[in-house]
Amino acid sequence: MNKQFNVGIYLRLSREDDDYKEESSSITNQRNYILNYLKNNNNLNFVDEYIDDGFSGGDFDRPAFKRMLIDIEYKKIDCVIVKDQSRLGRNDLVPYYIRQFFPLKKVRFIAINSDIDTFDENKIGNKMIGFYSIMNTHYCIDISEKVKSTLNTKKKEGKHLGGTACYGYKKDPNNKYKLIIDEKAAKVVKMIFNLFVNGNSLQMIARHLDDLKIPIPSIYKNLNRGMKSTMYGHWQTRTIDEILKNEMYIGNMCQGKRKRIAVNIKHLIRNPKNKWIIVKNTHEPIIDKEIFDMVQSIYSKNSHITKNTNKYLLKGFIFCKECSHTIGINTVKNKGYLVCNYYRKYSKLHACTPHRMKYDYLESIVLNKIKQQIKNCNQNELIYILKRNNKIELKIEEIIKENKKLEIQIKDFNRKNKEIYNDKLNKIISKKIYLEMKNQITKEKIENEKKLKENFDNIKKLKTTNINYEKIVDDFMYLKNINRKIISYLIDKIIIDENLNIEIFYKFKL
Ligand SMILES: [Zn+2]
């Protein structure tokens, strides 16, 4: 290949990566690695580097990446090199960039460690782009779970971590983890509690607030952000219900009320109450505890049990072709039936059609189709590639190497000890010098032994956090232990039309 290429090297490090203090993924390391590669390929000419330091691979909203796209547009570069595919990104758009965008712009893409080179058909990594993408997304999920757990620690300390404070409060400008009362909204909260304990129904309270032209919380929030609005919105009984039950108003920090139904799906669902993180007395209350308790006791009398709606594997993935709203699942006598949510809500307006279908039927069809899709993968090849890219394995290998060195050194200390002892006997060295040397050797030996033990402990720790790639691949290949998480790696969405044709959109191409 004699064609000369103008190379842009793309370097990315996210905060999450940094948390792991992975030396091998530092920016300097990535740069050296790629520059070294350029040295060995004299048709690759360095033109510019693009560094996104502190940006997650979860999206492409990164300044240096955007600058690179502009340089591609202006033909300043016609070759993009990264250390491995995950540096480019960890989301579903990665295959799009590699397979469509770059080729369209006649840009060569090389991910050295992933064995990808779009101008070299022999690279086995080229076939794995889609699968890498799934795995990298999976890794992103893995990390996001780890980040979540540190966030949870902060939540358990009663620190407020939400983007915005709940209605009635605002963030303390002097302490981003603290809430202070927003007097204007707090007045409305007090009014709602008062109206309720005075016998008003949720509906009556809502109409009352509408009459007073009090902006609903979401509009109020935007007004506070400086957005102009002439609307007040209509108060919903659900909003009032949420306010009346919210322990935040008696000074307790409640977090973790909602969670994502699956990774990469922005839709939030409620977390069961026993999963909430509640810390008492973290901020000034708006409502007296007596009044709050009274409201709760009124509630407990007419509470209705909400059913567990999470038992359907595909819930949230199904959409209506005609109106593009979600298709919901109704449970009738323990059996699930699909129905277009838009139709259900506005059937009187003849909006959309039922799209009615047995849920079980859909699930069996979808699972079968996925099976057919991934049947053609080679399991061993996948495991091999995953393992080769497994940073933990590499780290363990590194430590084992270091341990071997340490063990040799420790043996050497024993030999040295004997030597100086003989030297002392033969009066080659004085007793004083002997003791000094012995002390020094012993000190070094103890340090080495300490390091050795630490290393062994580290290996143990690393092995427990090790990802079971065989199992992940196995789960993919045979759809074992299939759960919503696995589904979310595989499927983007399922679209059903009014003739009940099923169309599955995958997150991968094989
Ligand atoms: Zn519909």
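Values in this document were obtained by computation on a predicted structure and should not be read as measured data. (Residues numbered from 1 in each chain as written. Predicted model: local features only at pLDDT ≥ 70, side-chain atom pairs only at ≥ 80, totals over all residues.)

> Would you take a moment to explain the overall build of the chain for this structure?
Within the chain, the regular secondary structure consists of 18 helices and 17 strands. Every one of the 510 residues in the chain was classed for burial, and the buried ones make up 24%. For the chain, restricting intrachain contacts to residue pairs at least 6 apart in sequence, the fraction spanning at least 24 positions comes to 62%. (Helix = DSSP H or I, 4+ residues; strand = E, 2+ residues; numbered from the N terminus. Buried ≥ 20, exposed ≤ 12 C-beta atoms within 10 Å, placed from the backbone. Contact = placed C-beta atoms within 7 Å.)

> Is there a simple way to think about the nonpolar core in this case?
In globular proteins that are soluble, nonpolar side chains generally tend to be buried together. Residues Val7, Tyr10, Cys79, Val80 and Ile81 are the most contacted members of the largest nonpolar core, which totals 29 residues. Only strand S1 (5-13), strand S2 (44-53), strand S3 (79-82), helix H5 (94-104), strand S4 (108-111) and helix H6 (129-156) provide two or more residues apiece to this core. In contact with tyrosine 10, not counting residues within four places along its chain, are Tyr50, Met68, Val80, Val82, Arg87 and Leu88. Counting 25 residues, the second-largest nonpolar core is a separate cluster that includes Tyr167, Val188, Ile214 and Met248. (Core = buried A, V, L, I, M, F, W, Y, C linked by C-beta atoms within 7 Å.)

> Looking at this model, I keep getting lost on the packing of helix H7 (residues 183-197) against helix H10 (residues 237-245). Mind explaining?
Helix-helix packing: each pair is described by the crossing angle between the helix axes and the interaxial distance. Two elements in contact, H7 and H10, have axes separated by 10 Å at closest approach and are oriented at 95°. Our classification of the angle between H7 and H10 gives roughly perpendicular. Packed against H7, whose contacting residues are Val189, Ile192, Phe193 and Phe196, the element H10 presents Ile240, Ile243 and Leu244 at the interface. By residue class, the composition of the contact of H7 with H10 is seven nonpolar, no polar and no charged. (Axes fitted to C-alpha atoms, helices over the stretch in contact; angles between N-to-C directions. Parallel < 35°, antiparallel > 145°, perpendicular 65-115°, else oblique. Nonpolar A, V, L, I, M, F, W, Y, C, P; charged D, E, K, R; others polar.)

> When you look at the sheet that holds S4 in this model, what are you seeing that I'm missing?
Strand pairing in a sheet relies on backbone hydrogen bonds, with the paired strands running either antiparallel or parallel. Taken together, the five strands give an open sheet; going across it, the order is S2-S1-S3-S4-S5, and neighbouring strands pair in mixed fashion. Of all the strands in the sheet, the pair left with one neighbour each is S2 and strand S5 (116-117). Sheet topology note: the S1/S2 ladder contains nine bridges and is parallel. By the bridge assignment for S2, isoleucine 9 is matched with glutamate 49. (Pairing = 2+ DSSP bridges.)

> Please explain the packing of helix H8 (residues 202-211) against H10 as it appears in this structure.
The N-to-C vectors of H8 and H10 enclose an angle of 105°; their axes lie 9 Å apart at closest approach. The pairing of H8 with H10 is recorded here as roughly perpendicular in orientation. Taking contact as the criterion, the partners of Leu202, Gln203, Ile205 and Ala206 in H8 are, on H10, Thr237, Ile240 and Asp241. Its residues assigned to classes, the contact of H8 with H10 comprises four nonpolar, two polar and one charged.

> So what exactly am I meant to see when it comes to the pairing of strand S7 (residues 175-181) here?
Regular strands place their side chains on alternate faces of the sheet. Of the strand pairs in this sheet, strand S6 (residues 169-172) and S7 are connected by four bridges, and their pairing is antiparallel. If you follow lysine 171 over to S7, its bridge partner there is leucine 179. Connecting the antiparallel pair S6 and S7 is a turn made up of two residues.

> Could you clarify how one ought to interpret the confidence of the model for the chain in this entry?
When pLDDT is low, close inspection of the predicted coordinates is not appropriate. Looking at the chain as a whole, the pLDDT averages 81, with 81% of positions reaching at least 70. Within the chain, helix H1 (residues 15-19) has the poorest average pLDDT of any element, 53, and S3 the best, 96. Segment residues 302-310: pLDDT under 50, and two contacts once partners within four positions in sequence are set aside and those in other chains are kept. (pLDDT = per-residue confidence, 0-100.)

> Hey, could you run me through the sheet that holds strand S12 (residues 318-320) in this one?
The strand order across the open sheet formed by three strands is S12-S16-S17, and the pairing between neighbours is mixed. The sheet is open, and its two edges are formed by S12 and strand S17 (502-506), each paired on a single side. For this sheet the average axis-to-axis angle between neighbouring strands, irrespective of direction, equals 25°. Two elements, S12 and strand S16 (residues 491-496), share three bridges in a ladder whose sense is parallel. When the sheet's bridge partners are listed, isoleucine 318 is paired in S16 with isoleucine 494.

> Before we go on, may I ask you to explain the pairing of S1 in this structure?
In terms of burial, S1 is a largely internal element, eight of the nine residues being buried. Pairing between S1 and S3: three bridges, direction parallel. Residue pairing across strands places glycine 8 opposite valine 80, the latter belonging to S3.

> What am I meant to see in H10 here?
What sets the pattern is the α-helix's 3.6 residues per turn: residues three or four places apart point alike. Every buried residue belonging to H10 is among Thr239, Ile240, Ile243 and Leu244, and all of these are buried. For H10, the angular spread of buried residues about the axis comes to 135°, placing them on one side. (Arc of directions from axis to C-beta.)

> Sorry, what's going on with the environment of isoleucine 459 here?
By the secondary structure assignment, isoleucine 459 is in helix H16 (residues 431-464). Here isoleucine 459 falls in the partly exposed class, since 15 other C-beta atoms lie within 10 Å of it. Sequence separation of isoleucine 459 and lysine 395 is 64 residues, and the distance between their C-alpha atoms is 8.7 Å. Among all residues touching isoleucine 459, those that are not within four sequence positions of it are Ile396 and Ile399.

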